[in-house]
Structures are given as C-alpha cells and as structure tokens.
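In case you want the letters, here they are:
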Amino acid sequence: MTQARPIRVLVVEDDPVAADAHVMYVGRVPGFAVVGKAHTGAEARRVLDRTPVDLLLLDLHLPDVHGLQFARSLRAAGHHADVIAVTSARDLAVVREGVSLGVVQYVLKPFTFATLRDRLVRYAEFHAAAGEASGQDEVDRALSVLRAPSPAALPKGLSGPTLERVTGALRDAPEGLTAAGVAEAVGISRITARRYLEHLVEAGRAGRSPQYGQVGRPELMYRWAPQAR
C-alpha cells in the first residue's frame, strides 16, 4: 500500500527562536513535513515560488508585511496553500477577514506543542476529505473537524485572562519562577499565584521542583513545560 504524501508546511515566523520551535513541533506530528522556513514575507514568497507548499504556519506580524496582507497577495498571485495563523492578536475582526483568505485555523501565542498538534491533526483530516458529499450532514462533518473542542472548564475561582498572564510570565522566565515571583509579575497575591501554578502543573503544562540554598523551608520553583502533551 502506497503511503500518502506528507502535508508540506512552510513556517513563516520573524523570531528565529520561535521559528525553530515551530519547525520542531511540526516535525513531531506524523503526516507533516517542513519544506521551508522564512522570517519575512519576501523570504516566504521566494520559497513559495520554487517549492510546492500545502500549508503555511504564518505569523501575522512580520517585519515587512502584515500576515493577512501577505495571504491576500498570495491568493492574487495564484497560490492556494491553506494558512494556520500564529499570532498574539485577539482582534475578532482580523479573524473574520482571515477566513476569506484561506486561514483555516488560528493558534494564539503563547501555545504548547499539544495545542499546535491538535490543530494540525484536525487540518490533516480536513485536508484528506475528498469525493462528493452525500448531503448536508457530510459537508457539516467535513467542516467541523477544523473546530477546536470547547476548552475544559477552569477550577472554581480561576479565570482565563489571569491564567494567560500567569502562563506568559512563566514562559518568559526559562530559569523558572516561585509563586512570589509570579505574583509580583502578574499583580496578584502569592496564594492566588500558587493556585494558578498548581493548575498548570496538574494540566501538564508546568513542572515544579524545590529551590534549595536559602534559610528556612525551600521554595517551590515552577518552570514552563513546552514539551508537555
């Protein structure tokens, strides 16, 4: 039996460290292959002009062009690659505009490997759909695979916006932070910070270890776990 051709991905991200991470993440998902990496719209266009690409993992804030403007220019030039937008922007007007330009998914920064893997797996199922639909139900099913599942409810007393800020603080501190450090960075109490940190640990998105070398009881040091599944 002939193995299906992998989905060819071009990673477009201006931050070299983030670009390398995205390349690594995509490479860990079966059925996908990175065929190029670009840090600007101009570099991405050169890759697209010489290399077949099925999917762009596209940062919307590039140094030389906005991602949606770049996607629009690709459509005008006859490029038909789908787009998964990677962005910290949360403007729903941008989301609506992107739909008309072939943006099939949005991944908000910061994100984990598990989040991107879920979007890629869903895209692969959508990409594989072929033939003629038997009716409306089958059309609806083909489109529904692109939708992410509803997020799990947070424990009582925790809020999504505060969790995002705690997550961002932890991601920005590769050496790790204590609950007191997170509390200071985010502007919440130490007890509240610990609740959010413990939630991230239970969800597999952070790790903790005792910090020794100080007088008294050792403090717990929390670190972001980007490889958590």
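The structure presented is a predicted model; accordingly, all values stated were derived computationally and were not measured.

Rules used throughout
- Here the residue numbers are simple positions, counted from 1 along each chain's written sequence.
- Local features in this predicted model are restricted to residues whose pLDDT is 70 or higher, and side-chain atom pairs enter the listing and the counts only when it is 80 or higher, whereas totals over whole chains, interfaces and linings include all residues.
- Remark: hydrogens and water are excluded; side-chain values derive from all non-hydrogen atoms of the structure.
- For the purposes of this entry, the term helix denotes a DSSP run of H or I that reaches at least four residues, the term strand denotes a run of E that reaches at least two, and both are numbered from the N terminus.
- Relative accessibility under 20% of the residue-type maximum defines a buried residue, over 50% an exposed one, and the middle range a partly exposed one, all with a 1.4 Å probe and only protein chains included.
- Whether two residues are in contact is decided by their heavy atoms, any of which lying within 4.5 Å being enough.
- Here the open area of atoms and residues is found with the Shrake-Rupley method and a 1.4 Å probe, where only the protein chains shown may cover a residue.
- Geometry of aromatic contacts follows a simple scheme: Phe, Tyr and Trp rings, the Trp one being its six-membered ring, pair when their centres are within 6.5 Å, and the pair is stacked under 30 degrees between planes, edge-to-face over 60, tilted otherwise.
- By definition here, charges over rings are those cases where NZ of Lys or CZ of Arg is within 6 Å of the ring centre and within 35 degrees of the ring normal.
- Pairing of N or O atoms within 3.5 Å defines a polar contact, subject to two protein rules: one partner must be a possible hydrogen donor and the other a possible acceptor, and residues neighboring in sequence count only if both atoms are side-chain atoms.

### With respect to the overall build of the protein
Helices and strands together make up the secondary structure of the protein, namely nine helices and seven strands. Within the protein, the fraction of its 229 residues that count as buried is 40%. Put simply, 60% of the contacts in the protein that link residues at least 6 apart link residues at least 24 apart. Element-wise, carbon and sulfur atoms account for 55% of the exposed surface of the protein, whose accessible area totals about 12700 Å².

### Things to note about the packing of aromatic side chains
Tallied over the entire structure, the rule returns one aromatic pair. Here the basic side chain of Arg28 rests over the ring of Phe113, its NZ or CZ set 3.9 Å away from the ring centre.

### A word on the side chain of Thr167
In this structure, Thr167 sits in helix H7 (residues 160–171). Residue class for Thr167 comes out buried when judged on its relative accessible area of 3%. Looking at Thr167, its side chain comes within polar contact range of the main-chain oxygen of Leu163, at 2.8 Å. Ignoring sequence-local partners within four residues, the contact set of Thr167 consists of Pro110, Leu200, Arg205 and Trp224.

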